[in-house]
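Structure assessment
Okay, here's what each chain looks like letter by letter:
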Amino acid sequence: MSESHVIEKVIASPDKDAIGGIASYYIGCGSCAFLDPAFRIVRNMDGCYQASVVGQVNDWQAAARVCPFAGTISEDQIGKELFGAQEGVSHNKYLGYYLDTYVGYAKVDGWRARGSSGGMISWLAAKMLEEGLVDAVVHAKDGPDPEHMYTIQVSHTVEELNSGAKSKYYPVEMSEALKYVRTHDERFLFIGIPCFVKAVRLLCREDSVLQERIKYCIGLVCGHLKSDFFAKAEAWESGVPLDRIARVDFRHKLPDGPASDYAVEVERTDNAAPVIKRTADLSTTNWGLGYFKYNACDYCDDVLAETADVTFGDAWIPKYVSDGAGCNVIVIRNQDVRDLLMRHRDELVLHEATADEVYQSQAGGFRHRRQGLSYRLHVHRERGEWTPTKRVKPSLEGISEQRQEIYAFRTILKNESFVAFRKAVSQNDFSVFNKHMNPIVRRYNRVSMSLKKRLRRGIKKILKKVAPHSLVAGIERFYQQVVKR
Ligand SMILES: Cc1cc2nc3c(=O)[nH]c(=O)nc-3n(C[C@H](O)[C@H](O)[C@H](O)COP(=O)(O)OP(=O)(O)OC[C@H]3O[C@@H](n4cnc5c(N)ncnc54)[C@H](O)[C@@H]3O)c2cc1C
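So, a few notes on the structure that sits alongside this text. (Residues numbered from 1 in each chain as written. Predicted model: local features only at pLDDT ≥ 70, side-chain atom pairs only at ≥ 80, totals over all residues. Heavy atoms only, no water.)

**Description of the overall build of the chain**
Applied cut-off: We count a stretch as a helix when DSSP gives it H or I for four or more residues in a row; a strand needs E for two or more, and each element gets its number in order from the N terminus. Each radius of gyration reported is based on C-alpha atoms, and the globular scaling rule is 2.2 Å times the count of residues to the power 0.38. Type-normalised accessible area, obtained with a 1.4 Å probe on protein chains alone, sets the label of each residue: buried when under 20%, exposed when over 50%, and partly exposed for intermediate values. Only heavy atoms enter the contact rule, under which two residues are in contact if any of them lie within 4.5 Å. Throughout, the Shrake-Rupley method with a 1.4 Å probe supplies accessible areas, and for residues the shown protein chains are the sole cover considered. Note on charges: Lys and Arg go in the positive column, Asp and Glu in the negative column, and His and the chain ends are not counted at all. By convention, charge coordinates are those of NZ in Lys, CZ in Arg, CG in Asp, or CD in Glu.
In terms of regular secondary structure, the chain is built from 19 helices and 15 strands. Whereas a compact globule of 485 residues would reach a radius of gyration of roughly 23 Å, the chain reaches 22 Å, a difference of no more than 12%. Across its three principal directions, the C-alpha atoms of the chain cover 60 × 55 × 55 Å. Taking all 485 residues of the chain together, 57% fall into the buried category. Across the chain, every contact between residues at least 6 apart in sequence was considered, and the portion connecting residues at least 24 apart equals 68%. Total accessible area on the chain is roughly 20,900 Å²; 50% of this is exposed by carbon and sulfur atoms. Side chains of the chain carry 67 positive and 61 negative charges; the gap between the two charge centres is 7 Å.

**Describing the pattern of salt bridges**
To be explicit about the condition: By definition here, a salt bridge exists when the distance from a side-chain nitrogen of Lys or Arg to a carboxyl oxygen of Asp or Glu is within 4 Å.
Applying the stated criterion to the full structure yields 34 salt bridges. Across the pair Glu347 and Lys127 runs a salt bridge whose closest N-O atoms are separated by 3.3 Å. On the criterion of sequence distance, the pair formed by Glu347 in the loop between helix H13 (335-343) and strand S15 (348-352) and Lys127 in helix H6 (residues 120-130) is long-range, its members being 220 residues apart. Through salt bridges with shared partners, a single network forms among Glu75, Asp76, Lys198, Asp301, Glu306, Arg370 and Arg391.

**What about the sheet that holds strand S11 (residues 263-268)?**
For the record, the criterion: Following DSSP output, two strands are said to pair if at least two bridges run between them. Axis angles are defined between N-to-C directions and span 0 to 180 degrees, where every axis is a line fitted to C-alpha atoms and, for a helix, only to the segment in contact.
The sheet built from three strands is open, its strands ordered S10-S11-S12 with antiparallel pairing. Each of the sheet's edge strands pairs with one partner strand only, and the pair in question is strand S10 (245-252) and strand S12 (275-278). The sheet shows a mean angle of 20° between the axes of neighbouring strands, direction not considered. Two strands pair when backbone bridges link them, and S10 and S11 are joined in this way by five bridges, in the antiparallel orientation. Among the inter-strand pairings, Asp249 is bridged to a residue of S11, identified as Glu265. Sheet strands in contact with helix H11 (residues 228-237) are S10 and S11, and its direction is about 90° off that of S10.

**A short note on the packing of helix H4 (residues 75-83) against helix H9 (residues 194-206)**
The line we're drawing: Each angle gets one of four labels, with under 35 degrees taken as roughly parallel, over 145 as roughly antiparallel, 65 to 115 as roughly perpendicular, and the rest as oblique. A clockwise turn of the near helix away from the far one marks a right-handed crossing, whereas an anticlockwise turn of less than a right angle marks a left-handed crossing. Just so you know the grouping, Ala, Val, Leu, Ile, Met, Phe, Trp, Tyr, Cys and Pro go in nonpolar, Asp, Glu, Lys and Arg go in charged, and all remaining residues, Gly too, go in polar.
One can describe the packing of H4 onto H9 by two numbers: an axis separation of 11 Å at closest approach and a directional angle of 65°. Taken as axis vectors, H4 and H9 run roughly perpendicular relative to one another. Crossing handedness for the pair H4 and H9: left-handed. Contacts from Glu75, Ile78, Glu81, Leu82 and Phe83 of H4 reach H9 at Lys198, Arg201, Leu202 and Arg205. Class assignment of the residues belonging to the contact of H4 with H9 gives a composition of four nonpolar, no polar and five charged.

**Brief notes about the sheet that holds strand S7 (residues 148-155)**
A sheet is described by the order of its strands in space; here eight strands give the open sequence S7-S6-S8-S9-S13-S14-S5-S15, paired in mixed fashion. Only two strands of the sheet have a single partner each, and these edge strands are S7 and S15. Looking at each pair of strands side by side, their axes are set apart by 30° on average, direction ignored. Here strand S6 (residues 136-145) pairs with strand S8 (residues 188-192) via three bridges, running parallel. Looking across to S8, one finds that Val138 is bridged to Phe190.

**Overview of the site of the ligand**
Put simply, the test is: Only heavy atoms are used to decide nearness, and a residue is near a molecule or strand if one of them lies within 4 Å of it. Any N or O atom pair separated by 3.5 Å or less is treated as a polar contact, with the protein-specific requirement of one donor-capable and one acceptor-capable atom, and with residues adjacent in sequence counted only for side-chain atom pairs.
Around the ligand sit 32 residues, and of these Ser117, Ser122, Ala140, Lys166 and Ser167 come closest. Between the ligand and Arg251, the relevant distance is 3.4 Å, taken from an oxygen atom to a side-chain nitrogen or oxygen of the residue. When the free accessible area of the ligand is taken as 920 Å², the share hidden by the protein chains comes to 97%. Broken down by secondary-structure element, the contributors of at least two residues to the shell around the ligand are H6, S6, S8 and strand S13 (310-314). Partitioned by chemical class, the residues of the shell around the ligand number 13 nonpolar, 15 polar and four charged.

**A few points about H13**
Which entries qualify depends on this criterion: Directions from the helix axis toward the C-beta atoms define the arc.
Inspection of H13 places Val337, Arg338, Leu340 and Leu341 among the buried residues, and these make up the whole buried set. For H13, the angular spread of the buried residues around the axis is 160°, confining them to a single face. Those residues of H13 hidden inside the fold are in contact with strand S5 (100-106), H6, strand S9 (214-220), S13, strand S14 (328-332) and S15. In this structure Asn334 caps H13, since a side-chain oxygen of it lies 2.7 Å from the backbone nitrogen of Asp336.

Structure (structure tokens):
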């Protein structure tokens with residue numbers, strides 16, 4: 001394979017023993033398909049978007065330059081070009097370039113209640129429309145059918161934004177929406193996860209029309225993207241048969257309890273009432289296990305969408321998590337956005353936060369995507385395999401044997417989750433999934449958790465079966481506030 005066809009290496013499976021089609025470095029954003037119709041994007045057997053080459057590619061190198069996993073331009077380079085010259089800008093190896101950091105939420109018009117966390121993304125998009133900074137917003141919204149629960153679309157009004165709120169842990173691709181941008185002389189705001197925003201920035205370097213029209217990008221903090229198995233597995237485990245699932249709301253807020261205690265709401269095709277289930281009661285929703293994760297996500301080192309004008313995530317910081325209504329962690333990089341937020345500060349609650357607090361809110365994600373990535377790159381290098389060019393270098397330096405084992409186990413958990421789900425589907429029995437995964441999870445827990453933590457978990461599990469939820473929550477609070485201190 002020629003070096004100039006590096007995008008083929010991104011699309012192809014790097015590991016011949018890999019599970020299904022999942023072990024490629026392709027994230028399914030669709031930047032290559034937007035550039036060149038020879039790249040076709042379809043869902044693979046693992047519910048992930050996957051490109052294949054059909055026909056004659058015009059310019060292989062251009063396709064590689066716009067791919068977030070094939071190009072060699074880093075988030076630092078893009079960030080420096082976009083934000084580095086502003087007065088008062090700082091740089092941090094986790095946050096990228098930034099002007100300000102906050103924790104907060106939108107306190108007007110129900111944005112917070114409708115949003116995943118503080119509702120600030122939708123609030124800001126609405127403000128940009130109302131103030132005439134943009135004419136339209138490119139973001140993920142309800143799709144046409146259960147096999148396409150969410151797709152990337154264009155909203156022109158605040159009402160249209162309303163129906164697009166909340167996080168979609170679901171495969172989406174942007175080539176069609178970008179074709180709309182290419183053919184409509186309007187000013188756009190783009191909303192997306194870090195790799196999608198990076199792809200848009202790379203496309204803007206190639207295409208002066210996109211560059212002219214895409215005025216701003218809002219980034220979502222990202223732990224990883226999920227295959228559509230995630231939505232299906234959550235819904236199925238919640239008791240909705242596979243052929244009755246219409247759509248899954250991944251972030252249904254519950255009235256009491258901390259922000260981290262949310263539910264999924266599954267709409268059904270048979271007009272029966274939607275099913276609401278706490279994610280804490282589902283096995284498939286433990287993000288730490290990384291079930292149904294795109295393989296590419298394990299080769300990304302950008303958690304905070306460093307190329308976006310502003311990034312929002314969940315404020316997973318103890319003093320804010322207790323506020324069940326939800327709070328955003330906020331990283332502002334563009335002076336225009338800072339000015340806009342300050343002009344409307346009366347519509348927001350903004351607490352100053354340090355860069356370290358922002359880091360802490362995503363500390364687990366950073367460990368996995370920086371130290372864990374070093375480990376994974378090292379393993380590939382030892383095997384003589386190609387990997388995308390990253391800011392993180394292949395190394396085992398400073399990575400304890402226990403951490404190495406944890407990272408190795410996470411790859412197994414990811415791969416096996418696909419095998420287990422396909423097996424469960426073929427036997428039409430969700431319990432097959434857990435029968436396959438439970439022994440692997442137990443082995444992983446033995447490696448990753450102290451005996452004390454495992455005992456606490458075991459006791460909590462037993463209590464959950466015999467005691468009401470409020471009592472278990474009370475005991476957990478007592479443990480956190482009194483015993484642990
Ligand atoms: C795949 C994924 C992984 C994430 N991982 C983390 C994490 O590890 N840590 C963390 O703190 N936060 C994570 N988030 C972000 C978090 O879930 C919230 O989106 C964020 O806090 C914003 O909430 P909000 O209430 O301000 O947004 P809302 O007001 O609810 O608005 C969300 C906006 O984002 C758009 N949107 C949602 N999903 C997508 C998508 N997939 N592609 C394009 N646009 C989309 C919606 O259309 C809407 O415009 C993740 C989000 C996604 C989609």
